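This is what each chain is made of:
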Amino acid sequence: MRVLVTGATGFVGGRLAPELVAAGHDVRALVRDASSYDPPEGVEVAEGDLLDAESLTGVFDGVDAAYYLVHSMRAGEGFAERDRRAARNFAAAADAAGVGRVVYLGGLGEEGSDLSEHLESRREVEAVLANAAFDLTTLRAAVVVGAGSASFELVFQLVDRLPVMVTPQWVRTPCQPIAVADVVAYLVGVLDAPETAGDTYEVGGPDVLSYQAMLERTARLAGRRLYVLPIPVLSPSLSTYWVDLVTDVPRSVAHPLIHGLKHPVVVTDDRIRDAVDVDLTPFDVAAERALRERGVTVDD
């Protein structure tokens with residue numbers, strides 16, 4: 001199958017492309033600047049920008065399935081509008097080329113009007129893609145654990161720099177993190193599961209943890225001391241200020257993530273397990289791998 005990967009230079013896309021090649025697919029990676037991209041062996045490169053519809057001419061030619069792994073939080077304010085425009089350009093180009101299937105990695109969380117700006121944008125992109133002619137498979141994930149993950153980088157920098165942490169009550173909100181290797185396995189696996197076309201699935205790891213537990217486990221693995229003191233008067237909005245002071249995670253990334261922490265992000269529908277068999281990675285194993293890949297000495 002000829003497969004196009006957008007977001008091929010990103011945290012998930014960079015890992016996905018070589019796994020698709022290993023699974024026997026012909027892979028084309030869409031990047032904005034081909035001169036700065038060193039493709040994995042067996043990956044064809046196409047240059048284009050999803051924000052520029054004219055640059056996508058020919059990119060989707062001959063493509064059977066495409067992955068949408070793009071988001072613009074790192075670009076700062078106005079990311080929702082950029083994501084909306086990119087999704088529309090992608091959908092129009094894919095439909096014009098007759099692409100049959102698209103796989104989208106979105107965000108896990110409750111439905112409703114009280115969504116964070118980050119999750120609301122992910123759902124809006126999902127709706128844009130769902131209205132196109134191709135069959136859309138959506139995988140919704142919470143915190144993806146791996147070196148390069150914005151969420152996990154936030155966790156590590158906090159435990160690395162704050163031995164005592166005064167936090168909002170959201171630190172006890174339940175979450176179901178998933179290892180990046182398991183996300184990639186699901187993304188690859190749905191292509192060989194035709195019954196997943198046109199459906200939405202929730203994906204998560206084997207552990208349901210509070211954010212406090214994730215912080216404490218990461219601190220232990222990294223050999224750091226950590227004391228977490230949740231207090232009811234510190235809101236997510238106020239907590240963004242000390243996150244800005246303590247970490248170097250861009251505000252455009254950290255703030256939307258933090259504002260979404262008040263809602264539980266736990267899998268309530270595990271139908272994906274019937275369609276794609278993935279041996280799920282425990283949080284401690286995934287966090288240890290991420291820390292080692294980041295160059296952190298891990299306590300055995």
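Details of the structure are given in the entry above.
First things first, this report covers the structure right here in the doc.

Procedures and definitions
- Residues numbered from 1 in each chain as written.
- Predicted model: local features only at pLDDT ≥ 70, side-chain atom pairs only at ≥ 80, totals over all residues.
- Heavy atoms only, no water.
- Buried < 20%, exposed > 50% of the residue type's maximum accessible area, 1.4 Å probe, protein only.
- Helix = DSSP H or I, 4+ residues; strand = E, 2+ residues; numbered from the N terminus.
- Right-handed = clockwise from strand over helix to strand, strands pointing away.
- Pairing = 2+ DSSP bridges.
- Core = buried A, V, L, I, M, F, W, Y, C linked by side-chain atoms within 4.5 Å.
- Contact = heavy atoms within 4.5 Å.
- Patch = residues over 30% accessible without salt bridge, like charges linked within 9 Å, V, L, I, M, F, W, Y side chains within 5 Å.
- Areas by Shrake-Rupley, 256 points an atom, 1.4 Å probe, with all protein chains shown as cover.
- Salt bridge = Lys/Arg side-chain N within 4 Å of Asp/Glu carboxyl O.
- Phe/Tyr/Trp six-rings, centres within 6.5 Å; stacked < 30°, edge-to-face > 60°.

### Considering the pairing of strand 1 (residues 2-6)
Of all five residues making up strand 1, four are buried, and the element is well covered by its neighbours. For the crossover that starts at strand 1, traverses helix 1 (residues 13-22) and ends in the parallel strand 2 (residues 26-31), the hand is right-handed. In the sheet, strand 1 pairs with strand 4 (residues 65-68) via three bridges, with the strands oriented parallel. Each residue of the ladder has a partner; that of V5, found in strand 4, is Y67.

### Section: the nonpolar core
Judged by nonpolar contacts, the single largest core of 36 residues is most densely connected at L16, L20, Y67, L139, Y186 and L187. Residue assignment for this core shows that the elements contributing at least two residues are strand 1, helix 1, strand 2, strand 4, strand 5 (101-107), strand 6 (135-141), helix 5 (180-189) and strand 11 (200-203). Sorting elements by how many residues they give to this core places helix 5 first, with six residues. In this structure, L187 is in contact with V12, L16, Y67, L69, V103 and L139, ignoring residues within four places of it in sequence. Formed by 31 residues, the second largest nonpolar core is a distinct cluster that contains V143, F152, L158 and A287.

### A short note on a nonpolar patch on the surface
Together, V164, V166, Y227 and L229 make up an exposed nonpolar region whose accessible area comes to about 370 Å². Counting residues per element, the ones that place at least two in the nonpolar patch are strand 8 (164-167) and strand 13 (227-230). Along the polypeptide, V164 turns up in strand 8. For V164, a relative accessible area of 45% puts it in the partly exposed group.

### Quick notes on the packing of aromatic side chains
All told, the structure shown has four aromatic pairs when counted by the stated rule. A ring pair is formed by Y68 and F90, whose centres lie 4.9 Å apart and whose planes are at 80 degrees; its orientation type is edge-to-face. One end of the pair, Y68, is in strand 4; the other, F90, is in helix 2 (residues 79-97), and 22 residues separate them in sequence. Neither Y68 nor F90 differs from the other in exposure class; each is buried. Seen in terms of ring centroids, F90 and F134 are 6.3 Å apart; in terms of plane orientation they differ by 80 degrees. Their pairing is edge-to-face. Within this pair, whereas F90 is found in helix 2, its partner F134 is found in the loop between helix 3 (117-130) and strand 6, the two being separated by 44 residues in sequence. Counting every residue linked through ring pairs, the aromatic cluster contains F60, Y68, F90, Y104 and F134.

### Some remarks on the pattern of salt bridges
A complete count under the given rule lists 13 salt bridges for this structure. Notably, a salt bridge pairs R140 with E126, separated by 2.8 Å at the nearest N-O pair. Of this pair, R140 sits in strand 6 while E126 sits in helix 3; the two residues are 14 residues apart in sequence, bridging distant segments of the chain. Classification of E126 by relative accessible area gives buried; the value is 9%. Residue D199 pairs with R271 through a salt bridge whose shortest N-O separation is 3.0 Å. Separated by 72 residues along the polypeptide, D199 in the loop between helix 5 and strand 11 and R271 in the loop between helix 8 (251-259) and helix 9 (272-275) bring together distant segments of the chain. The class for D199 is partly exposed, based on a relative accessible area of 24%. The exposure class of R271 is partly exposed, given its relative accessible area of 33%. Several salt bridges share partner residues, and in doing so they unite R2, R28 and E44 into one network.

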